[in-house]
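Fold and contact review
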Amino acid sequence: MNQDNSVLDEIRTKKPLIHHITNNVTMMLLANGVLAAGGSPMMVHAEEEVAEAVAAAQSLVINIGTLTPSAARSMTEALMLAVQKGVPIVIDPVAVGMTKLRQNTLNDLLSASEGAMRTLCGNAAEIHFLAEKEWKGRGVDGEMNVRHLTNVAEKAAQQTGCLIVMTGVKDIISNGKKTIIIKSGHELMAKMTGTGCFASSLTALFLANSLTAKLCPVQKAARAMLMLGMCAEKAAQTSEGSGTFAVRLLDELCLLNGNDLEKRYDECVMERVI
Ligand SMILES: Nc1ncnc2c1ncn2[C@@H]1O[C@H](COP(=O)(O)OP(=O)(O)O)[C@@H](O)[C@H]1O
Ligand SMILES: Cc1ncsc1CCOP(=O)(O)O
């Protein structure tokens, strides 16, 4: 693909504004990561102002990592305005199977946004919980063995009506009909908090409603995962451990160009249609 019409180049030109209601642990990484990738991050949480903020945004990220009842109210408020304005919504269901508050909040968010453009971006344990209603996670980590991860992602998409981005050694992106599997990344990603949260932010950036690239949401989200994986691979080459890796990852997000992303996509990515 020509560099002039890559979606990453369009992101860098348009700098979509990505509104986040997110956790207190990884917020700084998400802001710096979105900036490095070419977008414009915004973290606005107060119930009294989230709706006004969403009105200005091109994507909304809702991450339940450090959920409180007050944050849950802000999330619902923001989500309802996003539905009304056609702002794409990416929900990161961090450790959803672990507590009732997380499950109830996610159910409320999904019910309030039926029919809207919604993506659920989570690790295998989180997506498995959505498909099978069985929690096999450990805290906010998603280490688990699921033999048929692709089937799990497809089932979760069919049951929730959402685009599913399931992260892990392989990232699986599915809308229940079309599925893309991405094999990229590095094991150091699991040694650094926030790579899963950042996967959601980057997905939101590629799905921003100001972008005109002629790709379906599955293909856009797949590019987001490939970008993260490619940058992680390059960052790992010059890292001594997870500390330098975190810094190098931001550098590589700045440095990657649209042409290289499209080239690797064309070489490595296979689509499966059910
Ligand atoms: N062993 C690994 N090899 C390659 N990529 C990985 C590995 N572990 C995690 N990743 C990548 O790290 C990011 C976060 O995924 P994951 O660790 O599943 O999320 P979480 O932090 O929410 O548990 C994804 O982009 C995923 O592809
Ligand atoms: C450690 C932790 N605790 C609550 S949220 C959070 C961050 C989780 O980040 P990620 O899902 O990207 O690993």
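Within any chain, residue numbers begin from 1 and follow the written order of that chain's sequence. Ligands are numbered from 1 and chains lettered from A, in the order in which they are written. In keeping with the model being predicted, local features are shown solely for residues with a pLDDT of at least 70 and side-chain atom pairs are shown and tallied solely at 80 or more, while totals for entire chains, interfaces and linings include all residues.

The strand order across the open sheet built from 9 strands is 2-1-3-4-5-6-7-8-9, with neighbouring strands paired in mixed fashion. The two strands at the open ends of the sheet, each matched to only one other strand, are strand 2 (40-43) and strand 9 (270-273). Neighbour-to-neighbour, the strand axes of this sheet turn through a mean angle of 20°, independent of strand direction. In terms of strand pairing, strand 8 (residues 178-182) meets strand 9 through 4 bridges, oriented antiparallel. For I181, the partnering residue across the bridge sits in strand 9 and is M270. The contact rule is simple: place each C-beta atom from the backbone, and if two of them lie within 7 Å, those residues are in contact. A fitted line through C-alpha atoms represents every axis, and for helices the fit uses only the stretch in contact; the resulting angles, taken between N-to-C directions, go from 0 to 180 degrees. Secondary structure follows DSSP: runs of H or I at least 4 residues long count as helices, runs of E at least 2 residues long count as strands, and numbering of each begins at the N terminus. Relative to strand 2, helix 2 (residues 27-37) is tilted by about 155°, and along the sheet it contacts strand 1 (17-21) and strand 2. Strands pair, by our definition, only if DSSP identifies at least two bridges between them.

Before going further, it helps to examine the UniProt feature "binding site: ATP" (unreviewed entry) in the chain. UniProt positions are given in the numbering used here, feature names are shortened, and annotations may be inferred rather than shown by experiment. When the UniProt feature table is mapped to this numbering, "binding site: ATP" (unreviewed entry) covers C121 and T167. Spanning 47 residues, the named residues form one tight spatial group whose C-alpha atoms are at most 7.4 Å apart. Locating C121 in the fold gives a position in strand 5 (residues 118-123). When neighbours within four sequence positions are excluded, C121 is seen to be in contact with V90, D92, V165, A199, S200 and T203. The exposure label follows from counting other C-beta atoms within 10 Å of a residue's C-beta, where the C-beta atoms are placed from the backbone and the thresholds are 20 or more for buried and 12 or fewer for exposed, leaving partly exposed in between. For T167, a count of 29 C-beta atoms within 10 Å puts it in the buried group. The residues contacting T167, other than those within four sequence positions of it, are N123, G196 and A199.

Close to ligand 1 lie 18 residues; N123, T167, G185, M189 and G196 are nearest. Put simply, the parts of the chain that give the shell around ligand 1 at least two residues each are helix 8 (195-206) and helix 9 (217-237). Residues were grouped as follows: Ala, Val, Leu, Ile, Met, Phe, Trp, Tyr, Cys and Pro as nonpolar; Asp, Glu, Lys and Arg as charged; and all remaining residues, including Gly, as polar. Split by residue class, the shell around ligand 1 holds 6 nonpolar, 9 polar and 3 charged. Any residue whose backbone-placed C-beta atom lies within 6 Å of a molecule or strand is treated as near that molecule or strand.

Another point: the pairing of strand 4 (residues 89-92). The alternating pattern of strand 4 places I89 and I91 and V90 and D92 on opposite faces, both of which are buried. Pairing of strand 3 (residues 59-63) with strand 4 involves 4 bridges; the strand directions are parallel. Counted as the bridge partner of L60 is I89 from strand 4. Pairing analysis gives 3 bridges linking strand 4 to strand 5, with the strands arranged parallel. Counterpart to V90 in the pairing with strand 5 is T119. A clockwise path from the first strand over the helix to the second, with the strands pointing away from the viewer, defines a right-handed crossover. A crossover links strand 4 with its parallel partner strand 5, the connecting element being helix 5 (residues 100-112), and its sense is right-handed.

The next point concerns helix 2. What helix 2 keeps buried is the set L30, G33, V34 and A37. Relative to the axis of helix 2, the buried residues are bounded by an arc of 100° and lie together on one face. If you follow the buried residues of helix 2, they end up packed against helix 1 (7-14), strand 1, strand 2, helix 8, helix 9 and helix 10 (242-255). Picture the helix axis, draw a direction to every C-beta atom, and the arc is the one those directions span.

Here the focus is the environment of A31. Here A31 is to be found in helix 2. The residues touching A31, leaving out its near neighbours within four places in the chain, are P41 and M43.

Here G33 lies in helix 2. Those residues in contact with G33 that lie beyond four places of it in its chain are F198, S201, L202, L250 and L253.

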